[in-house]
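Listed below are the residues making up each chain.
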Amino acid sequence: MANYGMAFDYELCIDCHACEVACKEENGIALGMEHRRLWIQKDGDIEGDFWNIDKSSVSFVQMQCQNCVNPPCLEACERKAIYIDENAIVRIYKDKCDLLLSCMKACPYDARYIDDTHFFTDKCIFCADTRLARGETTTACQITCPAKLRYFGDLNDEESEIVQMLKKRDFFVLKESEGTIPKLFYFIPKNKEFAQKTIEKGTKIYTWGEMKPKIQPLNLKKI
Ligand code: SF4
Ligand code: SF4
């Protein structure tokens, strides 16, 4: 049993969308579809010169399901169709989903969408049905990213690359005030000015020692 999570060195993103294309290919999603499983959110002035941060406040943030430890989508589902699997990934029993969309409304990250072929609410599940099911230990987005800014792995494994990185670099999470306890972590940019421009004032900065006790699954429901 693993406790999967992901970390991003978002300062390095070049907005190439290779991750999005790889994700769609892995999961059988048509290329033209927007906001499916993962997307790159642009913050700031997109007319600015991204390569010269003196002139620009543009940043590209990797967005997808946060695979929350305390997921409001799970709590909101009247049909009890949502559960946390043995690898601490938030999943859904597809045949139980009645498309009432309570989970979509409850998610603070807008991470879910309607799979209108199989009729349930889908989202990023860290390639659990494809790569992880085949015994692989990488996700399609992570392996494809040319900037190598995505780190994926078992947060319970002190030797994993993601934990090694989280021990070295401070980070923050998105919408901490929602109480979701996300398992997606964003590294503080090395460039201080870029960090100031892209991190909201008052955001809590974490070390691994502070985060580790928080990320043990609270709602683990066996499949
Ligand atoms: S990010 Fe949204 S969809 Fe994903 S586990 Fe959290 S509440 Fe659920
Ligand atoms: S593949 Fe990497 S660099 Fe390209 S958009 Fe995705 S996260 Fe950014």
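Preceding this section is the structure that the text describes.
Here's a quick rundown of the structure. Computed from a prediction, not measured in an experiment: that's the story for all the values here.

### Side note on the overall build of the protein chain
Here is step 1 of the chain: Helix and strand content of the protein chain: seven helices and 10 strands.
Here is step 2 of the chain: Overall, the protein chain is about 50 × 40 × 35 Å in size when its C-alpha atoms are taken along their principal axes.
Here is step 3 of the chain: Across the 223 residues that make up the protein chain, the buried fraction comes to 52%.
Here is step 4 of the chain: For the protein chain, contacts bridging at least 24 residues in sequence account for 62% of all contacts bridging at least 6.
Here is step 5 of the chain: Element-wise, carbon and sulfur atoms account for 51% of the exposed surface of the protein chain, whose accessible area totals about 11,000 Å².
Here is step 6 of the chain: On the protein chain, the mean spot of the 31 positive side-chain charges and the mean spot of the 35 negative ones are 3 Å from each other.

### Structural notes on the site of ligand 2
Here is step 1 of the chain: Taken together, 14 residues lie near ligand 2, and C13, C16, H17, C19 and C145 sit nearest.
Here is step 2 of the chain: In terms of residue class, the shell around ligand 2 is made up of 10 nonpolar, two polar and two charged.

### Some thoughts on the environment of E176
Here is step 1 of the chain: As for its position among the elements, E176 is in the loop between β9 (171-172) and β10 (184-187).
Here is step 2 of the chain: For the pair E176 and T203, spaced 27 residues apart in sequence, the C-alpha separation works out to 8.3 Å.
Here is step 3 of the chain: Aside from chain neighbours lying at most four places away, what touches E176 is K204, Y206 and K214.

### Topic: the pairing of strand β8 (residues 150-154)
Here is step 1 of the chain: The element β8 is extensively covered by neighbouring structure, given that five of its five residues are classed as buried.
Here is step 2 of the chain: Alignment of strand β1 (residues 4-8) against β8, held across five bridges, turns out to be antiparallel. When the sheet's bridge partners are listed, Y4 is paired in β8 with D154.

### Details of the pattern of salt bridges
Here is step 1 of the chain: The tally for this structure, following the rule as stated, stands at 16 salt bridges.
Here is step 2 of the chain: For E136, the salt bridge identified is with R134, shortest N-O distance 2.8 Å.
Here is step 3 of the chain: Residue class for E136 comes out partly exposed when judged on its relative accessible area of 27%.
Here is step 4 of the chain: A salt bridge links E158 to K167; the shortest N-O distance between them is 2.6 Å.
Here is step 5 of the chain: One network of salt bridges, with partners in common, ties together E26, R131, R134 and E136.

### Some details on the packing of aromatic side chains
Each aromatic ring pair is summarised here by two numbers: the centre-to-centre distance and the angle between the ring planes.
Here is step 1 of the chain: Throughout the structure, instances matching the rule amount to 11 aromatic pairs.
Here is step 2 of the chain: Measuring from centroid to centroid gives 5.8 Å for F172 and Y186, while their planes differ by 25 degrees, and the two rings are stacked. Taken together, the residues span a long stretch of sequence, with F172 in strand β9 and Y186 in strand β10 at a distance of 14 residues. Here F172 and Y186 have matching classes, each one buried.
Here is step 3 of the chain: An aromatic cluster of three or more residues is present, and its members are F8, Y10, F172, Y186 and F194.

### Regarding the side chain of D122
Here is step 1 of the chain: Here D122 is to be found in strand β7 (residues 120-122).
Here is step 2 of the chain: Looking at D122, its side chain comes within polar contact range of the side chain of R37, at 2.8 Å.
Here is step 3 of the chain: If we skip the residues at most four places from it in the chain, D122 touches R37, A111, R112, Y113 and D115.

### Some remarks on helix α5 (residues 161-168)
Here is step 1 of the chain: What α5 keeps buried is the set I162, V163, M165 and L166. Viewed end-on, α5 has its buried residues packed into an arc of 160 degrees, placing them on one side of the element. Residues E161 and K168 are exposed on α5 and point more than 90 degrees away from its buried face.
Here is step 2 of the chain: Where α5 is buried, its residues contact β1, β8, β9, β10 and α7 (208-211).

Parameters at a glance
- Residues numbered from 1 in each chain as written.
- Chains lettered and ligands numbered in written order.
- Predicted model: local features only at pLDDT ≥ 70, side-chain atom pairs only at ≥ 80, totals over all residues.
- Heavy atoms only, no water.
- Helix = DSSP H or I, 4+ residues; strand = E, 2+ residues; numbered from the N terminus.
- Buried < 20%, exposed > 50% of the residue type's maximum accessible area, 1.4 Å probe, protein only.
- Contact = heavy atoms within 4.5 Å.
- Areas by Shrake-Rupley, 256 points an atom, 1.4 Å probe, with all protein chains shown as cover.
- Lys, Arg positive; Asp, Glu negative; His and termini not counted.
- Charge placed at Lys NZ, Arg CZ, Asp CG, Glu CD.
- Near = heavy atom within 4 Å.
- Nonpolar A, V, L, I, M, F, W, Y, C, P; charged D, E, K, R; others polar.
- Pairing = 2+ DSSP bridges.
- Salt bridge = Lys/Arg side-chain N within 4 Å of Asp/Glu carboxyl O.
- Phe/Tyr/Trp six-rings, centres within 6.5 Å; stacked < 30°, edge-to-face > 60°.
- Polar contact = N/O pair within 3.5 Å; in protein donor to acceptor, adjacent residues only side chain to side chain.
- Arc of directions from axis to C-beta.

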